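Okay, here's what each chain looks like letter by letter:
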Amino acid sequence: MIVTDIRPVTKRTYRVEIEGQLAFILYKGELSRYRIVCGEEIQEQEFSEIMNEILPLRAKRYAMNLLVKMDRTEQELREKLKKNGYPAEVSRKAVDYVKSYGYIDDARYAEHYFERYKDSLSVRQISWKLSQKGVDPGLIEKAAEKAELTDHEQVIRALVEKRMRNRDEVTEKDIRKLEAYLARRGFYGEEIWKVLKDYRFRVQEKTME
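Residues numbered from 1 in each chain as written. Predicted model: local features only at pLDDT ≥ 70, side-chain atom pairs only at ≥ 80, totals over all residues. Heavy atoms only, no water.

**As for the pattern of salt bridges**
A side chain with one charge may pair with a side chain of the opposite charge, provided their charged atoms come close. Where we set the bar: The salt bridge criterion pairs a side-chain nitrogen of Lys or Arg with a carboxyl oxygen of Asp or Glu, the two atoms within 4 Å. In this text, helices come from DSSP runs of H or I with a minimum length of four residues, and strands from runs of E with a minimum of two, each type numbered from the N-terminal end.
Scanning the model with the defined rule gives eleven salt bridges in all. Ionic pairing is found between Glu 74 and Lys 99, a salt bridge with its closest N-O pair at 2.9 Å. Taken together, the residues span a long stretch of sequence, with Glu 74 in helix α3 (residues 74-83) and Lys 99 in helix α4 (residues 88-100) at a distance of 25 residues. Put simply, Glu 74, Arg 78 and Lys 99 are held in one network by salt bridges that share partners.

**So, a positive patch on the surface**
Using the following cut-off: Like-charged residues within 9 Å of one another, or nonpolar side chains (Val, Leu, Ile, Met, Phe, Trp, Tyr) within 5 Å, are grouped into patches, provided each residue has over 30% relative accessible area and no salt bridge. In this description, accessible areas are obtained by the Shrake-Rupley approach with a 1.4 Å probe, and a residue is regarded as covered only by the protein chains that are shown. Counting rule for charge: Lys and Arg are taken as positive, Asp and Glu as negative, and neither His nor the chain ends is counted. Taken as the charge centre is NZ of Lys, CZ of Arg, CG of Asp or CD of Glu, depending on the residue. For the exposure calls, accessible area comes from a 1.4 Å probe over protein chains only, and a residue counts as buried if that area is under 20% of its type's maximum, exposed if over 50%, partly exposed in between.
Together, Arg 163, Lys 173, Arg 176, Lys 177 and Arg 184 make up a positively charged patch on the protein surface. Looking at the positive patch element by element, the count peaks at four residues for helix α9 (residues 172-184). Here Arg 176 shows up in helix α9. Assessed through its relative accessible area of 47%, Arg 176 is described here as partly exposed.

**What about unusual backbone geometry?**
We note that Glu 19 has phi near 55 degrees; this positive angle belongs to a residue other than glycine. The backbone phi angle of Arg 35 is positive, close to 55 degrees, even though this residue is not glycine. With respect to the secondary-structure elements, Arg 35 resides in the loop between α1 (28-33) and α2 (44-69). On the basis of relative accessible area, Arg 35 is assigned to the exposed category, the value being 54%.

As structure tokens, this is what we get:
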């Protein structure tokens, strides 16, 4: 295996390519310790030690630090590890490790996500956001069933009242902005119309005066 490129990532770390492909990211001192030089062959023993001992331990620590800062889905954690140069197999081991201790749990994440956003987003929008985070559709469905979901009309009305608070008058322009705002949160046009029709009626009455 020939080292085909070594380039700095930060002041302390370097991206190492082997046979034209990213192999891993190492600290400057590790390049010297494992005798990694561009254009030269990396020994099987050194490569194995890096892949099976150095990087897995580092990846586990990095994953734990990420989860201390904020909860993440399994896919988000994998993507973060990949972005930071960890090989797929090393990332898998790190994810399996934190998963075995319950530090990541997509079912739990989905339940918490519904609880957090059920009063500001539609079920459709919450479900879409969770799917973008890699949560399995079955887990999303179960989380939706478990959550004590507020009726959409109540949620929309509360959002509208919050945005319209302290306004003496509501204009047609205000209503169009509200429609766009609520649509971005995943509510259907019919649901939005049912709530905003009262506001629109007031505008029409004002116009006729």
